[in-house]
Amino acid sequence: MKGIVCLVMAFILQAGVFSGAALAQSASSGNAEPSFDAASREADSVFFRKMADDVLSSSAAYESLRDLCKNVGARLAGSPGMYKAEAWAEKALKAAGADKVWLQECMAPHWERGKAEEAWYTYADEKGKQQKVKLDVLALGNSVGTDAKGLTLPAILINDFSELEKRKDDVKGKMVVFNNIFNPKNLAVGQSYGESGSYRRRGPSEAAKYGAAAIMIRSVTASANDNHPHTGTTSYDSAYPKIPAAAVGLKDGDKLIGLLASGKPVSIYYRSDARMLPDTKANNVIGELTGSVFPEKYITVGGHLDSWDPAEGAHDDGTGCVHSIEVLRALKAMGYKPRHTIRVVLFANEENGLRGGNKYAAEAKAKNEEHLFALESDAGGFTPRSFGFTLDWKRLAAIRQWLPLFVPYGVYEFRNGGGGADIGPLNRQLGTPVAGLSPDGSRYFDLHHARNDVFENVNKRELDLGSLNMALLIYMIDKYGL
């Protein structure tokens, strides 16, 4: 890794990107895209430095995140917090200098947790005395609850879906406890999240297929240093009954799983008020900088405004929202006049429905809009490392020549594959090239969907570096295209 970085830095110095050229002009006078040559590279490096000076010296993104977290807080679709967040977003986009701001309505699912869940398990110790142990749990998003009395069920440990198939005759009427370990051997934590998270998404229906009465999963998280349970969406297969589903904190979960693995009979009590209500209105909040050359061609940058209910949604996805707003503010602060129209979209209902992203793409398709590119931040506000792109390999190879400009600011890779849940529909329905900011993910899943995802766990410098690199990428794509 060090050798690669040294080679890149040598290229930067040879190209003269640190020399004192005049500030890059924002757009050519004609409609042709400028070429990226030695002279423009030098000018762009100066623009990068000036933008970095502004963003890294500004408190705008950090204070905006503080306001969102502390004065709005949790904001699941359909909740009062969601509507407060929409008002916050309108105000923030106007303050950042958007030429216009508007709401794009969609219908979103409305799930409520209700009263705090209760759970414990009982077992006989070595002396035959019954022991009762409390469990820290959270109902999974969109899951059904129990009745007011709750459920008391014999528990069965199932390590994976293949074991579930082998033991399908053993789970009827029981509480299935999935031992969905977050694999520490994967170098990409997102891969571990995808693997372990499949038990959150599919687990209830897979167990219900064979008559299970409820399930609990290990929280989908990398860390066992705390006991915070992590919620997240579950998806029911309509072919099978909907059964209650919950995630348990890792310390509690490890004790329970260890007991079950030892062969001791265990009974679990679980009560949840969780319920689905009729769909409700929600809104994407959109701010726009109108293009000076191609106003009818769009570049989208965004994050999702909703969050899960246990905490403030600081990293997921408050940071993505303020990253995106800061792109707009920074470009305005630089006096930059975009060639294409740049839209900042704070999407509704990513967490438990994706209705905002689907609505944005559907309306763009219906209006026959031309969307050149879309960028999303939904991986936390940690130190930026790379961008992941979903576009054809020739375009990716072409824009990789920009990479030396980004290295001093922490991004060292433009990798193949990436995007975001909210901008995925643009790619699927319109063929729009998409990308996602990829920060260092080492700590992300310690906080993801849990009560400790709070403002205090966001570092200002890391947050600002994410905003900066997103703004620099949007500038380069607006100037040179793909």
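Predicted model only: the values in this text are computed from it and were never measured.

Engineer: Give a description of helix α8 (residues 314-333) that names residues and reports values.
Structural biologist: Burial runs high along α8: 18 of the 20 residues are buried. Positive phi appears at Gly335, one or two residues downstream of α8, with a value of about 75°.

Engineer: Describe in detail the layout of surface pockets, supporting the description with residues and values.
Structural biologist: There is about 1100 Å³ of room inside the largest pocket. Listed by contribution, the elements that provide at least two residues to the lining of the largest pocket are α6 (189-208), β14 (384-390), β15 (413-416), β16 (434-439) and α13 (444-447). Broken down by element, the lining of the largest pocket gets its largest block of residues, seven residues, from α6. Here the lining of the largest pocket is built from residues that sort into twelve nonpolar, 16 polar and eleven charged. Along its surface, the second largest pocket is lined by 13 residues, and Ala60, Ser64, Ala92, Ala95 and Ile325 are the ones closest to its centre.

Engineer: Can you tell me about empty space enclosed by the protein, naming the residues and giving the values?
Structural biologist: A water-sized probe, rolled over the atoms, reveals where empty space remains. Under the defined criterion, the tally for this structure stands at two cavities of 30 Å³ or more. Space inside the largest cavity adds up to approximately 40 Å³. Lining of the largest cavity is provided by Ser307, Trp308, Pro310, Ala311, Glu312, Gly313, Asp316, His449, Ala450 and Asp453. Residues that form the lining of the largest cavity fall into these classes: four nonpolar, three polar and three charged. Of the volumes computed, that of the second largest cavity is approximately 30 Å³. Its residues placed into classes, the lining of the second largest cavity shows two nonpolar, four polar and one charged.

Engineer: An account of the side chain of Asp306 is needed here, citing residue identities and associated values.
Structural biologist: Along the polypeptide, Asp306 turns up in the loop between β11 (294-304) and α8. For the buried Asp306, no salt bridge is present, and the opposite-charge side chain at shortest range is Arg75, 7.1 Å distant. From its side chain, Asp306 meets the backbone nitrogen of Asn349 in a polar contact 3.5 Å long. For Asp306, the side chain forms a polar contact with the main-chain nitrogen of Glu350, separated by 3.0 Å. What Asp306 contacts, discounting residues up to four positions off in sequence, is Arg75, Ala77, Met82, Asp316, Asp317, Phe347, Ala348, Asn349, Glu350, Glu351 and Asn352.

Engineer: Account for the nonpolar core, naming residues and giving values.
Structural biologist: Ranked by size, the top nonpolar core spans 70 residues in total, and within it Phe406 and Phe414 carry the most contacts. Ranked by residue count, the leading element in this core is helix α14 (residues 460-480), at twelve residues. Setting aside its immediate chain neighbours within four residues, Phe414 contacts Phe387, Phe389, Leu396, Ile399, Arg400, Trp402, Leu403, Phe406 and Leu473. Among the nonpolar cores identified, the runner-up in size contains 26 residues, and Trp111, Ala119, Val177 and Val266 belong to it.

Quick notes on the rules
For every chain, the first residue of its written sequence is number 1, and the numbers climb from 1 along that sequence. Given that this is a predicted model, residues contribute local features only at a pLDDT of at least 70 and side-chain atom pairs are listed and counted only at 80 or more, while totals for whole chains, interfaces and linings are drawn from all residues. Only heavy atoms go into the side-chain values, all of them from the structure, while hydrogens and water stay out. The cut-offs for exposure are 20% and 50% of the maximum accessible area for each residue type, with area from a 1.4 Å probe on protein chains only; residues under the lower value are buried, those over the upper are exposed, and the others partly exposed. Secondary structure counts use DSSP, requiring at least four H or I residues in a row for a helix and at least two E residues in a row for a strand, with both numbered from the N terminus. Here a cavity is any set of points on a 1 Å grid over the protein atoms alone where a 1.4 Å probe fits but cannot get out, and a pocket is any open set with protein on both sides within 12 Å along at least 5 of 7 lines; a residue lines the site when it has an atom within 4 Å of a point. Grid points are joined across faces, edges and corners, and a volume is the space filled by probe spheres set on the points. Lys, Arg, Asp and Glu make up the charged group, whereas Ala, Val, Leu, Ile, Met, Phe, Trp, Tyr, Cys and Pro make up the nonpolar group; the residues left over, Gly among them, are polar. His is not counted, nor are the chain ends, whereas Lys and Arg count as positive and Asp and Glu as negative. Salt-bridge detection follows one rule: a side-chain nitrogen of Lys or Arg within 4 Å of a carboxyl oxygen of Asp or Glu. Whenever a nitrogen or oxygen atom comes within 3.5 Å of another N or O atom, the pair is scored as a polar contact, on the condition that within protein one atom can donate a hydrogen and the other can accept it, and that pairs from neighbouring residues in sequence are kept only if both atoms are in side chains. Only heavy atoms enter the contact rule, under which two residues are in contact if any of them lie within 4.5 Å. What is meant by a nonpolar core is a set of buried Ala, Val, Leu, Ile, Met, Phe, Trp, Tyr and Cys residues, joined one to another through side-chain atoms within 4.5 Å.

Honestly, that's just the spatial picture; any functional story needs more than this.
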